[in-house]
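Next come the chains, spelled out residue by residue.
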Amino acid sequence: MTRVIKIEKTGGPEVLKFENVKLNKPDQEEVLIEHKAIGLNFIDVYHRSGLYPIELPSGIGGEGSGIIKEVGSKVKDFSVGDKVAYAGAPLGSYSTERNYPTKNLVKIPEGISFEVAATLMTKGLTTFYLLHKTYPISSSETILFHAAAGGVGQIFCQWAKSLGCKIIGTVGSDEKINIAKKNGCDFVINYSKENFAKKVLEFTKEKGVSVVFDGVGKKTFAGSIECLKVRGMMISFGNSSGPLENIDVRKMIQPKGLYFTRPVMGQYLSTKDEIREGADKLFEKIKLGKVKIEIFKKYKLEDIIQAHKDLEARKIIGPAVIIPWWIKSKYLFN
């Protein structure tokens, strides 16, 4: 039997429920994946809470890695035994195994572990489309990234630094300052204690930054607008402090002729070719040592409620994964 986590209603972490199910054989263009590691992402909280509505009842989790155990009759690019990773719908990665369509699937190169691959697919591919598609960065620019010590932030700042730009990062506590600096930030601001917009303008000699990458949302939006230069771009890609309220275009956007966008992964990684382009660049950065991944914490699948509590309490500083340890009883959890 396959162990899965489902939600029948939205709410707090307590709505996450375990079930034992018998999987059907994979469809013609699906593969059966035995999970070795599962990505833990803040978007999972949005799905669970109802901020991002999904049809219920539903599985949860959109990122994982593992080994193919069975392939559908029309699958040509993958074989039994392949090590693979994925990110994207359909939800359901919080499970010991699952059937998954090959469209979003990539093979894991040699030298990259299941745990690293699982935590890379959402955070790393998000970094790819932000830096190379939403706003292609040049080496002469100074940029601002909020939550620079978080899971996406650690990957993003290393990747951006490899492109030669200057990075101003914000963090929510003093303990995260060194993490952000270690991952490539030239200047770090604790936005809970300081006026980050004022500090950004001081650092840039009142010029402002060309682009802000903001996964925090409500708490940082007004300050982000303030520290953008004329014709700068505001990229809002997350809501960890709450969703944005109505934007006053005449007051916030018009005075400096700003650009505003709210991208999501599916708009940039909707085809096999787009996903493989992003994955190839991502794995190349890892192999060259331009992006280094340190797993902050590992959770057992049975501890998923605590994992979600830790996510919402901002206790997870960096990439975290869920391990379905009972797949192979010889493994010990530590």
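Quantities reported herein were computed from a predicted structural model and do not represent experimental measurements. (Residues numbered from 1 in each chain as written. Predicted model: local features only at pLDDT ≥ 70, side-chain atom pairs only at ≥ 80, totals over all residues. Heavy atoms only, no water.)

A. Here's a closer look at the overall build of the protein. For the protein, the helix and strand inventory stands at 10 helices and 16 strands. For 334 residues, the compact-globule estimate of 2.2 N^0.38 gives 20 Å, and the C-alpha radius of gyration of the protein, at 20 Å, lies within 12% of that figure. Along the longest, intermediate and shortest principal axes, the C-alpha atoms of the protein span 60 × 40 × 40 Å. Taking the intrachain contacts of the protein between residues at least 6 apart in sequence as the baseline, contacts between residues at least 24 apart amount to 69%. (Helix = DSSP H or I, 4+ residues; strand = E, 2+ residues; numbered from the N terminus. Rg over C-alpha atoms; globule rule 2.2 N^0.38 Å. Contact = heavy atoms within 4.5 Å.)

B. Region of interest: the confidence of the model for the protein. Predicted confidence across the protein gives a mean pLDDT of 92, with 97% of residues reaching 70 or more. Considering each helix and strand of the protein separately, the mean pLDDT is smallest for helix α8 (residues 265-268), with a value of 91, and largest for strand β9 (residues 142-145), with 98. Ignoring residues within four places in sequence, the model shows residues 326-334, a span with pLDDT below 50, making 16 contacts including any to other chains. (pLDDT = per-residue confidence, 0-100.)

C. Highlighting the sheet that holds strand β13 (residues 228-236). With respect to topology, six strands assemble into an open sheet ordered β11-β10-β9-β12-β13-β14, the strand pairing being parallel. Two strands close off the open sheet at either side, each with one partner strand: β11 (187-190) and β14 (259-261). For this sheet, the mean inter-axis angle between neighbouring strands, taken without regard to orientation, is 15°. Sheet analysis places strand β10 (residues 166-171) next to β11, joined by four bridges and oriented parallel. Across the sheet, residue I168 finds its bridge partner in β11, namely F187. Contacts between helix α3 (residues 151-162) and the sheet are confined to β9, β10 and β12 (209-214), with β9 contributing the most and set at about 170° to the helix. This element, helix α5 (residues 196-203), spans β9, β10, β11 and β12 of the sheet and lies at about 160° to β11. (Pairing = 2+ DSSP bridges. Axes fitted to C-alpha atoms, helices over the stretch in contact; angles between N-to-C directions.)

D. Structural detail: the sheet that holds strand β1 (residues 2-7). Strand order in the open sheet made by the three strands is β2-β1-β4, with antiparallel pairing throughout. Each of the sheet's edge strands pairs with one partner strand only, and the pair in question is β2 (17-21) and β4 (58-59). Taken together, the two bridges between β1 and β4 define a ladder with antiparallel strand orientation. Residue pairing for β4: K6 is matched across the bridge by G59.

E. Structural detail: the pattern of salt bridges. As enumerated under the stated definition, the model contains 14 salt bridges in all. One salt bridge in this structure joins D186 and K161, with 2.7 Å as the shortest N-O distance. You can see D186 sitting in the loop between α4 (177-182) and β11 and its partner K161 sitting in helix α3, a full 25 residues away along the chain. Owing to a relative accessible area of 37%, D186 belongs among the partly exposed residues under this scheme. Overall, K161 belongs to the partly exposed group, its relative accessible area being 33%. (Salt bridge = Lys/Arg side-chain N within 4 Å of Asp/Glu carboxyl O. Buried < 20%, exposed > 50% of the residue type's maximum accessible area, 1.4 Å probe, protein only.)

F. Fine view of the packing of aromatic side chains. Evaluation of the coordinates by the stated rule reveals 10 aromatic pairs. Where F156 meets F213, the ring centres are 4.8 Å apart and the plane angle is 55°; that geometry is what we call tilted. Here F156 is found in helix α3, whereas its partner F213 is found in strand β12, with 57 residues between them in sequence. The pair formed by F156 and F213 is uniform in burial state, with each residue classed as buried. (Phe/Tyr/Trp six-rings, centres within 6.5 Å; stacked < 30°, edge-to-face > 60°.)

G. The arrangement of the environment of L32 in detail. Mapped onto the elements of the fold, L32 is located in strand β3 (residues 30-39). Judged by its relative accessible area of 12%, L32 is buried. Taking C-alpha positions, L32 is 11 Å from G81, a pair spaced 49 residues apart along the chain. Among residues more than four places away in sequence, those in contact with L32 are L23, P26, I67, I68, K69, E70, E97, R98 and N99.

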